[in-house]
Amino acid sequence: MRRAIATSLTLAALGACATGPATPTDVSLDRSLLTVAMSDASTCRGPAPAQGAETGWSGTLTGCPWPYAYTVEIDPRTNPLRFVLEEVFGDSIIAPVATVTITDATGRARTFQSPEPVDE
């Protein structure tokens, strides 16, 4: 009986140690801020610099207990409908088309598209 309890406690302790940092599950992007939802329900942010963010930006996410690096690459191409919507509503309302890459401390990269592609 004691051996079974000791084994259970050991397995529970090892399971707790095996849980690593939270992983990115979703991103949202506007012209000045990257917001990343994490698997532990926390939110991390990657603010754009005050100037020079037309083609993208990079850095380390803030508000995270883990040092995740990120890169935002804004796609400079546009389609006519998007151009009209940006002219009517302004480019601050329409999320930029971009690829977001988030890299953890082990070098594992996770890539997201913004806005999320529509399944056809």
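Thresholds applied
- Residues numbered from 1 in each chain as written.
- Predicted model: local features only at pLDDT ≥ 70, side-chain atom pairs only at ≥ 80, totals over all residues.
- Heavy atoms only, no water.
- Helix = DSSP H or I, 4+ residues; strand = E, 2+ residues; numbered from the N terminus.
- Buried < 20%, exposed > 50% of the residue type's maximum accessible area, 1.4 Å probe, protein only.
- Areas by Shrake-Rupley, 256 points an atom, 1.4 Å probe, with all protein chains shown as cover.
- Patch = residues over 30% accessible without salt bridge, like charges linked within 9 Å, V, L, I, M, F, W, Y side chains within 5 Å.
- Salt bridge = Lys/Arg side-chain N within 4 Å of Asp/Glu carboxyl O.
- Pairing = 2+ DSSP bridges.
- Axes fitted to C-alpha atoms, helices over the stretch in contact; angles between N-to-C directions.

Draft legend 1. Structural view of the overall build of the chain. When its secondary structure is counted, the chain shows 2 helices and 7 strands. Expressed as a percentage of its 120 residues, the buried residues of the chain come to 26%. Summed over its atoms, the accessible surface of the chain is roughly 8,200 Å², and 58% of this surface lies on carbon and sulfur atoms.

Draft legend 2. Quick look at a nonpolar patch on the surface. Residues L81, V84, L85, V88 and F89 make up a contiguous nonpolar surface patch of roughly 480 Å² in combined accessible area. Within the fold, L85 resides in helix α2 (residues 80-89).

Draft legend 3. Expanded view of the pattern of salt bridges. Enumeration over the complete set of coordinates arrives at 1 salt bridge. With a shortest N-O distance of 3.6 Å, R110 and D104 are connected by a salt bridge. Owing to a relative accessible area of 13%, R110 belongs among the buried residues under this scheme. Under the relative-accessibility criterion, D104 is labelled buried at 16%.

Draft legend 4. Spotlight on the sheet that holds strand β3 (residues 43-47). Reading across the sheet, the 3 strands line up as β1-β2-β3 and stay open at both edges, with antiparallel pairing between neighbours. Either end of the sheet is taken by a strand with one partner, and the two such strands are β1 (24-29) and β3. Taken over all neighbouring pairs, the strand axes of this sheet differ in orientation by 20° on average, direction set aside. When strand β2 (residues 33-38) meets β3, the two strands line up antiparallel, connected through 5 bridges.

Draft legend 5. Spatial organisation of the pairing of β1. Taken together, the 5 bridges between β1 and β2 define a ladder with antiparallel strand orientation. Each residue of the ladder has a partner; that of L29, found in β2, is L34. Hairpin connection, β1 to β2: the antiparallel pair is bridged by 3 residues.

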